[in-house]
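Chains, contacts and geometry: an overview
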Amino acid sequence: MVRVTPRRGASASSRVARSLERCVGMSMRALLQESGHRVHGNRADCRNCKGGSRSTVSFTNEVAYCHRCAWTANTVMLSKGLGKTVEPESVEKRAARTKAVRFGQWVDSRHREVSSRYRSLGRMAEIAKDVLIRFPESGAAWAALARFYHKEARLAAMLDVLSFAKASQWLETAATPVALFEKWGASNAR
Ligand SMILES: [Zn+2]
């Protein structure tokens, strides 16, 4: 039986989000809590609404918005409100962050693509084996089996590389980015 179980883990984009929180040093969740908004999961109670304000605030890593009173804030505003000093994000840092997010999305989409190709070739190979038991002369079945064994090593290696890219902490080691990131950066230079 050919089993393909690509490694699981947090998606590269959520890993990026967490790395960014650490880099920027301001988590929207923590800032909301510090400013007196009760946080439940990915929603928060609005401190500015009167009554019935439970979980009316949606927030991302950068901005928060109350669906009831339309209160909005970003991490910089909240940090300043708490008397924290905020370093504005440099153009370089913002560009690096945008690039990092795009790389994460690319790794995720390639991983999905390669896994699905691997699985579909594996399924064909299984069918081919069954066919060959009854029809050992079937050229089509031999061809399907050959296709799988021919591609298997390459696809497995690609999945390993992509999983490594997902697991690596390339964002925090910008001085020594993984080879894949460099390769991707070179082909996506804009
Ligand atoms: Zn509100």
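Preceding this paragraph is the structure being described.
Below or above, wherever it landed, is the structure these notes cover.

Further remarks concern the overall build of the protein chain. When helices and strands are counted, the protein chain shows 6 helices and 5 strands. Listing the helices and strands of the protein chain from first to last along the sequence gives α-α-β-β-β-β-β-α-α-α-α. Considering only residue pairs separated by 6 or more positions, the protein chain has 52% of its internal contacts joining residues 24 or more positions apart. Carbon and sulfur atoms make up 54% of the accessible area of the protein chain, which amounts to about 12,200 Å² in all.

As a further point, take the pattern of salt bridges. Counting across every chain of the model gives 4 salt bridges. Here Arg110 makes a salt bridge to Glu113, at a shortest N to O gap of 2.3 Å. Highlighted residues: Arg110 and Glu113, both in helix α4 (residues 91-134), separated by 3 residues, approximately one helical turn. With a relative accessible area of 23%, Arg110 lands in the partly exposed category.

On to the packing of aromatic side chains, then. Scanning the model with the defined rule gives 3 aromatic pairs in all. Consider the rings of Phe103 and Trp106, whose centres lie 6.2 Å apart with planes at 25 degrees: the pair is stacked. Note that Phe103 and Trp106 are positioned in helix α4 at a spacing of 3 residues, about one turn of the helix. Here Trp106 falls in the partly exposed class, since its relative accessible area comes to 30%. Considering the side-chain rings of Phe148 and Tyr149, the 5.4 Å spacing of their centres and the 65 degrees angle between planes classify their relative orientation as edge-to-face. The exposure class of Phe148 is buried, given its relative accessible area of 1%. Site record: aromatic cluster; members linked through ring pairs are Tyr118, Phe148 and Tyr149.

Parameters and conventions
- Residues numbered from 1 in each chain as written.
- Predicted model: local features only at pLDDT ≥ 70, side-chain atom pairs only at ≥ 80, totals over all residues.
- Heavy atoms only, no water.
- Helix = DSSP H or I, 4+ residues; strand = E, 2+ residues; numbered from the N terminus.
- Contact = heavy atoms within 4.5 Å.
- Areas by Shrake-Rupley, 256 points an atom, 1.4 Å probe, with all protein chains shown as cover.
- Salt bridge = Lys/Arg side-chain N within 4 Å of Asp/Glu carboxyl O.
- Buried < 20%, exposed > 50% of the residue type's maximum accessible area, 1.4 Å probe, protein only.
- Phe/Tyr/Trp six-rings, centres within 6.5 Å; stacked < 30°, edge-to-face > 60°.

Spatial relationships are all this shows, so hold off on functional conclusions.
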